Amino acid sequence: MSHKLPPRSLYCRGIEAHEVALLEIKNLHVALEDGTEIVKGVDLSVGLNEKHAIMGPNGSGKSTLAYALMGHPAYVITEGEILLDGVDIVDMGADERAQRGLFLAFQYPHAVPGVTVTSFLRSALNAIRKARAGGTDNPIPIPEFRKELLGAMERLKVPRELASRYLNDGFSGGEKKRVEILQMALLKPRIAVLDETDSGLDIDALKIVAGGVNDLVGPEMGALVITHYQRILDYVKPDFVHVFVDGRIVAEGGPELAHTLEADGYEAFIPAAEAV
Amino acid sequence: MSTQHETDTVKEIRSEYKYGFSNPDEAKDYFFKSGRGLSPELVAAISAHKNEPEWMLKFRLKSLDYFNARPLPAWGGNVAEIDFDNIFYYIKPTEKQADKWEDLPADILDTWDKLGIPEAEKKYLAGVGAQYESEVVYHKLQADLEAKGVIFLDMDSALRDHEDIVKQHMGTIIPQNDNKFAALNSAVWSGGSFIYVPPGVRIEMPLQAYFRINAENMGQFERTLIIVDEDAYVHYVEGCTAPIYSSDSLHSAVVEIIVKPRGRCRYTTIQNWSNNVYNLVTKRAIAYEDATMEWVDGNLGSKLTMKYPAIWLMGDRAHGEVLSIAFAGKGQHQDAGGKCVHVAPNTTSVITSKSISKDGGRAGYRGLLEVAKGAHGARSKVVCDALILDEESRSDTYPYIRIDESDVNIGHEATVSKIGEEQLFYLMSRGLSEAEASAMIVSGFVEPITKELPLEYAVEMNRLILLQMEGSVG
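Residues numbered from 1 in each chain as written. Chains lettered and ligands numbered in written order. Predicted model: local features only at pLDDT ≥ 70, side-chain atom pairs only at ≥ 80, totals over all residues.

1. Comments concerning the confidence of the model for chain B
As a note on interpretation, predicted positions should not be read in detail where pLDDT is low.
Residue and element names in this part refer to chain B.
Here is step 1: Per-residue confidence for chain B averages 90 on the pLDDT scale, and 95% of its residues sit at or above 70.
Here is step 2: Every residue in residues 1-14 is under pLDDT 50, and counting partners more than four places away or in other chains gives 19 contacts.
Here is step 3: In the predicted complex, the global pTM is 0.83; the interface-specific ipTM is 0.91. (pLDDT = per-residue confidence, 0-100. Contact = placed C-beta atoms within 7 Å.)

See the structure below:
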């Protein structure tokens, strides 16, 4: 078994299919506000209709990478570029990144008391529609919204009553994760980043959530699944696996790499990081 | 009216406040306008102009003595800057009250149209009173309610047509010397609403009063008395706006409410005065056996508001609720809250206060919960939550509790929170701008109160909150 990177052409068919990859991360360095560097130079490309997995141990900086992609103000991009459809989004706020088609499914979604799931989703959808209409209001007609919402809830087996509850307020871990995927289904991003979406899910919920991701990845969307465990990858079968240790991608390969990790653990990759 | 000098502050307020328009040219057309300042002669002139009975003139003059004798309150907000000598205490805009909108002078009708009142009346109101400066210029009650014996009049007409009821009740809930501003109101009151709901009559649609100050340095002193008889129900809604001037106006109302056994009264206020109005209002209700009194009090406008709607639970099992929203932006101080006094056994009360401060504004909760000896089995819950939107803003909580009875169940919760970076980021990651995300968090924060409002008012309240939020971030 080799930890060396395979030739790029073997795992980057997305780039061959599109002249410009949908999401292109180039030499990305991310630091905390106190200057501590967490992400130490990442290169990664994700195209439409591609599923990528980033696997790494706790504390390797995976979630920081996810937050930095989405534009969290506490994480400073000190070097590098994030290109979405060829446009550098590093200086944009999270709202503009979302409007351009980036989505992050949170590991710990926040509660917004007093705001129902339905009203939140409609506001978010209308904000995105407005941005895409060049800043002119273009609200989704309510019957259409209702149909889409109910359809997506049905597919993701989200109980009806959740729609009228306050967003993530008192939700179980599994309900929160399902509602994250529900948001993804309604907002229809071009690139979805899923941060530890599998954590805290029982096997049935995991299957539903994974099914939701599989349904959405296609000619309109690519996905980047960040996870500690192989488990979710049994259901969201990645086309590409990137092993992430100490802020860097230390190995890349096809789906078989996930199984190697499952058998050998991350320890085998740690020297590779230290050697860089 | 003097030429308007628009200071930067005024421009700033005007940019966000959509009711800041005025009708400057009509001042000369006022039917009657008093001079500035307060004196026994002025009080007598108001009373004479209104053709009042002798006892009312005496009530007014005595009240003026009380007002002059009392010091300004040293607590709450800064009232020391009010220039009582510079205020117009009485302006009568039209000769007669209208019961058809089209009978109003064009400029005044235009004001009401801009505020959407005639439209709202058509759609969802059972009756409307519209006060412009000192007088109610339009008043109308649905005919079927009139037939059932409901009385909905402006206070001056009530004094003429139902003098005995007014004389019997006015000043019994809020004595004329209750506080300095209640004394001032008692001396120079004009306008306001009088409502009587006969036994068993339930008015399903709200009655609305709308208060508009148009003149600069105006003092508006409406006086309201509501009597809900046994098993009756009424929901009364009041709204308030004013134009923006570079010098201040004063609004000082007195509202007295009596809810008889098994009756229910809900009183909703959406206060949106411009940021140059002192809003110093005394509101108090008494509730008898099994009666329910509810104050829903939204304070979004004004320079300074000091208002603590009170409920005295006088009969067994009476229930009181105060729902209060106070939103203070730049240059605003909202000292709001509520009082519940349990006098009878097994009475219950809930006070829910939500205050929001931003851009250096100051919003707070000041409340009193009192249980008298003998009010055994009383239960009360006080919840006050504050949301502070930035480092410059301030929130205060003064929850006074006095309990003279041991068999009671009292709960008090208070929270102070800030809009968290994580919560904002979460919403923005869904495409909402920072302003939209903040507004959504604030709307959610006040939702326990807005959900109690009829739909039209909930929409209005949320819209006003959005307006307050605009330009506050980014």
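2. Observations concerning helix 10 (residues 421-428) of chain B
Here is step 1: All of the buried residues along helix 10 of chain B are Leu424(B), Phe425(B), Tyr426(B), Leu427(B) and Met428(B).
Here is step 2: Residues of helix 10 of chain B that are buried in the fold lie against helix 4 (94-99) of chain A together with helix 11 (434-450) of chain B. (Buried ≥ 20, exposed ≤ 12 C-beta atoms within 10 Å, placed from the backbone. Helix = DSSP H or I, 4+ residues; strand = E, 2+ residues; numbered from the N terminus.)

3. Observations concerning the packing of helix 5 (residues 117-132) of chain A against helix 7 (residues 173-187) of chain A
Axis angle and axis distance: for two packed helices, these are the angle between their axes and the distance between the axes, and together they describe the pair.
Residues and elements named next belong to chain A.
Here is step 1: Contact geometry for helix 5 and helix 7: axes closest at 10 Å, N-to-C directions at 35°. In this structure, the crossing between helix 5 and helix 7 has a hand that is right-handed. Of the residues in helix 7, those touching helix 5 at Val 117, Leu 121, Ala 124, Leu 125 and Ile 128 are Val 179, Gln 183, Leu 186 and Leu 187.
Here is step 2: Classifying every residue of the contact of helix 5 with helix 7 gives eight nonpolar, one polar and no charged. (Axes fitted to C-alpha atoms, helices over the stretch in contact; angles between N-to-C directions. Left-handed = near helix turned anticlockwise from the far one by under 90°. Nonpolar A, V, L, I, M, F, W, Y, C, P; charged D, E, K, R; others polar.)

4. Let's talk about the packing of helix 7 of chain A against helix 8 (residues 203-216) of chain A
Residues and elements named next belong to chain A.
Here is step 1: Helix 8 packs onto helix 7 with a crossing angle of 10° between their chain directions and a minimal axis gap of 10 Å. Judged on the interaxial angle alone, helix 8 and helix 7 are roughly parallel. Residues Gly 174, Lys 177, Arg 178, Ile 181, Met 184 and Ala 185 of helix 7 form the contact with helix 8, whose participating residues are Ala 205, Ile 208, Val 209, Gly 212, Val 213 and Leu 216.
Here is step 2: A class-by-class count of the residues in the contact of helix 7 with helix 8 yields eight nonpolar, two polar and two charged. (Parallel < 35°, antiparallel > 145°, perpendicular 65-115°, else oblique.)

5. Focus: the nonpolar core
Here is step 1: With 219 residues, the main nonpolar core has Phe103(A), Ile191(A), Val193(A), Val243(A), Ile257(B), Val259(B) and Ala287(B) as its most contacted residues.
Here is step 2: No other element matches helix 11 of chain B, which puts eight residues into this core.
Here is step 3: Sequence-distant contacts of Val259(B), that is, excluding residues within four places in its chain, are made with Val228(B), Arg264(B), Cys265(B), Ala285(B), Ala287(B), Tyr288(B), Ala291(B) and Met293(B). (Core = buried A, V, L, I, M, F, W, Y, C linked by C-beta atoms within 7 Å.)

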